[in-house]
Amino acid sequence: MKYLWAPWRMTYILDNKQKGCIFCKKPKEKKDKENLIIYRGQYSCVMMNRFPYNNGHLMVFPKRHCPEFEELTDREFHELFMLIKTSIRVLKDQLHPHGFNIGMNIGKVGGAGFDKHVHFHIVPRWRGDTNFMPVLCETKIIPEYLEATYQKIYSVFKNFLDKGWGKKGGQ
């Protein structure tokens with residue numbers, strides 16, 4: 001029998017869940033690398049998921065606490081989608097996924113782990129990245145350390161925006 005170890009998962013399962021909203025709290029701490037914040041826009045942020053479904057799993061969210069999608073301002077809405085577009089380009093450039101799952105879970109019943117702050121998930125996918133492990137063992141194998149993935153994505157994110165990627169009339 002072979003054993004695969006995913007010790008980071010136990011931290012998530014047993015850890016005392018933090019009080020308050022991580023999407024409001026983490027950006028205020030000004031510890032971007034530690035909190036895996038990739039980019040801060042004027043109205044929105046991009047942050048890696050500390051307990052990812054796959055390498056490069058990002059979350060894009062408004063800076064302002066906003067519990068309902070329809071309460072987003074036009075500026076927040078526009079910037080969120082520009083950052084989603086930029087995130088896809090950066091992930092394609094750095095991680096070369098074969099596809100993506102992009103979406104949001106609205107409300108607890110909709111599957112939201114943090115249901116009081118609108119956020120989008122961007123999950124890179126590769127052919128063959130799913131197997132029996134999540135089904136039989138409730139274990140997901142992540143083949144790269146978060147810090148290594150963070151460095152790959154962080155180092156190019158701003159460059160993509162500076163070049164106009166994702167912006168109207170950009171590349």
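In short, a report on the structure. (Residues numbered from 1 in each chain as written. Predicted model: local features only at pLDDT ≥ 70, side-chain atom pairs only at ≥ 80, totals over all residues. Heavy atoms only, no water.)

### Structural notes on the overall build of the chain
Thought 1: Along the backbone of the chain there are 6 helices and 5 strands.
Thought 2: When each of the 171 residues of the chain is scored for burial, the buried share is 38%.
Thought 3: Put simply, 63% of the contacts in the chain that link residues at least 6 apart link residues at least 24 apart.
Thought 4: Counting every atom, the chain has about 10800 Å² of accessible surface; 56% of that belongs to carbon and sulfur. (Helix = DSSP H or I, 4+ residues; strand = E, 2+ residues; numbered from the N terminus. Buried < 20%, exposed > 50% of the residue type's maximum accessible area, 1.4 Å probe, protein only. Contact = heavy atoms within 4.5 Å. Areas by Shrake-Rupley, 256 points an atom, 1.4 Å probe, with all protein chains shown as cover.)

### Some remarks on the sheet that holds strand E5 (residues 120-125)
Thought 1: What the 5 strands build is an open sheet, ordered E1-E2-E3-E5-E4; its pairing is antiparallel. The open sheet is flanked by strand E1 (37-40) and strand E4 (99-103), the only strands paired with a single partner. Each adjacent strand pair in this sheet contributes to an overall mean axis angle of 15°, direction not counted.
Thought 2: With 3 bridges connecting them, E1 and strand E2 (residues 44-48) associate as antiparallel partners. Residue pairing for E2: Tyr39 is matched across the bridge by Val46.
Thought 3: The sheet contacts of helix H4 (residues 74-95) involve E1, E2, strand E3 (58-62), E4 and E5, and relative to E3 the element is tilted by about 165°. (Pairing = 2+ DSSP bridges. Axes fitted to C-alpha atoms, helices over the stretch in contact; angles between N-to-C directions.)

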